[in-house]
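# Examining the three-dimensional arrangement
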Amino acid sequence: MNVIFMGTPEFAVGCLERLIQDGHTVSLVVTQQDKPRGRGQKLLPPPVKAYAMEQGIPVFQPTSLKTAEVQDRLRRYQADAIVVVAYGKILPQEILSMPPYGCINVHASLLPRYRGAAPIQWAILNGESESGVTTMLMDEGLDTGDMLRKAVCPITEDMTAGDLHDALAVLGADVLSDTLKALQDGTVQPVPQTGESCYAPMLDKGLCRMDFKKNAAQLHDQVRGLNPWPTATVMHDGKRLKIHRTRVGAPCDAEPNRVVCVAPFTVSCGGNTTLELVEVQSEGGRRMAAEDYFRGHPVPLNAVFAEDE
């Protein structure tokens, strides 16, 4: 196929790479603008652009897809299909109807569950036992198009959003490859989305603060779902402490938010549950084992752990 690829973050790179490996002609890559990153706020290209440039593929970074000029430019490539993976912009109907095989989206959830910008993180935040990838023919709705292929990925009890991201990036490339082959062979039948849906909005730092009145499983899911960003936090000694990894501990009858063990460092939670802190990071510090951190910043047994902000 002659394909236009639209994508931006690291998650999309594997799909672009797979298109090339499968022998498709990627005639154009469309991605978002370069953005300042890091302490020096140096202007850096998105991962998809960086990979496309390595492969010698033309790159287009329009600020909008709604202008006739942009749409005419895309039309000139006479693409058989437009593949969209975490591009980050809504496609207007003029583009959706442009290629013969349609605009094919690779979405990191089992649709219709978790439509929206952060399906990977919200699946873990909500304690789901599985996620997956769905390919669909895009329409003007938000992740509402007819489904083409699905594949399931189990979510283990210690899997973080970062871990699931990496697993689904690999799975997504496989599902995309299978989808395009089936479209060419005429062996796939689009299926309308039915059943319960939910929305997965973008994450923000308002989700970070941990409340130990919740049960330990909920807090463990919070830590996993916000790892690697924006990261769950508590206040300790007047400073914000990032919590990178945890483990659900043994039941206890202490009131929530008390230190019930120092090795492993364990805090009581709601519902007579406990949470072991495994890996933490102080402001300006490095990630380290929680036991090592609290050895240097001791908290007595039965003390209140997390202070109010």
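Before going into details, it helps to say that this report is about the structure given with it. (Residues numbered from 1 in each chain as written. Predicted model: local features only at pLDDT ≥ 70, side-chain atom pairs only at ≥ 80, totals over all residues. Heavy atoms only, no water.)

## Side note on a nonpolar patch on the surface
For clarity, the threshold we go by: Residues qualify for a patch when their relative accessible area is over 30% and they have no salt bridge, like charges being joined within 9 Å and the nonpolar side chains of Val, Leu, Ile, Met, Phe, Trp and Tyr within 5 Å. Throughout, the Shrake-Rupley method with a 1.4 Å probe supplies accessible areas, and for residues the shown protein chains are the sole cover considered. For this document, the term salt bridge refers to a Lys or Arg side-chain nitrogen within 4 Å of an Asp or Glu carboxyl oxygen. A run of H or I in DSSP becomes a helix once it reaches four residues, and a run of E becomes a strand once it reaches two; helices and strands are each numbered from the N terminus. Residue burial is assigned from relative accessible area. The probe radius is 1.4 Å, only protein chains are included, and a residue is buried under 20% of its type maximum, exposed over 50%, and partly exposed in between.
On the surface, a cluster of nonpolar side chains totalling about 330 Å² of accessible area is made up of Ile90, Leu142 and Tyr199. Looking at where Leu142 falls in the secondary structure, it is placed in the loop between β8 (130–137) and β9 (147–154). Leu142 sits in the partly exposed class, given a relative accessible area of 41%.

## Digging into the packing of aromatic side chains
Formally: For Phe, Tyr and Trp, rings pair up if their centres lie within 6.5 Å, where Trp contributes its six-membered ring, and each pair is then called stacked (planes under 30 degrees apart), edge-to-face (over 60) or tilted (otherwise).
Going through the model one piece at a time under the given rule, you end up with five aromatic pairs. Centre to centre, the rings of Phe212 and Phe305 are 5.8 Å apart; their planes meet at 80 degrees, and the pair counts as edge-to-face. Of this pair, Phe212 sits in the loop between α6 (161–185) and α7 (216–225) while Phe305 is found in the segment after α8 (290–296), placing the two residues 93 residues apart along the sequence. Under the relative-accessibility criterion, Phe305 is labelled buried at 2%. Look at Phe265 and Phe294: their rings are 3.7 Å apart centre to centre, the planes differ by 10 degrees, and that puts the pair in the stacked class. One end of the pair, Phe265, is in strand β13 (residues 265–269); the other, Phe294, is in helix α8, and 29 residues separate them in sequence. Here Phe265 falls in the buried class, since its relative accessible area comes to 1%. For Phe294, a relative accessible area of 5% puts it in the buried group. An aromatic cluster of three or more residues is present, and its members are Phe212, Phe265, Tyr293, Phe294 and Phe305.

## Observations regarding unusual backbone geometry
In this structure, Pro112 follows Leu111 across a cis peptide bond, with omega equal to 10 degrees. You can see Pro112 is positioned in the loop between β7 (103–107) and α5 (119–125). Pro230 follows Trp229 through a cis peptide bond whose omega is 10 degrees. Tracing the sequence through the fold places Pro230 in the loop between α7 and β10 (232–236). A positive phi angle, near 50 degrees, is found at Gln41, a position not held by glycine. Locating Gln41 in the fold gives a position in the loop between β3 (35–37) and β4 (42–44). Despite not being glycine, Asn272 has its phi angle at roughly 60 degrees, a positive value. On the basis of relative accessibility, which here comes to 46%, the residue Asn272 falls in the partly exposed class.

## Some thoughts on the side chain of Thr160
Here is the rule we go by: In what follows, residue pairs with any heavy atoms lying within 4.5 Å of each other are defined as contacts.
When you line up the elements, Thr160 lands in the loop between β9 and α6. Here Thr160 falls in the buried class, since its relative accessible area comes to 3%. Setting aside its immediate chain neighbours within four residues, Thr160 contacts Ile124, Arg224, Asn227 and Arg245.

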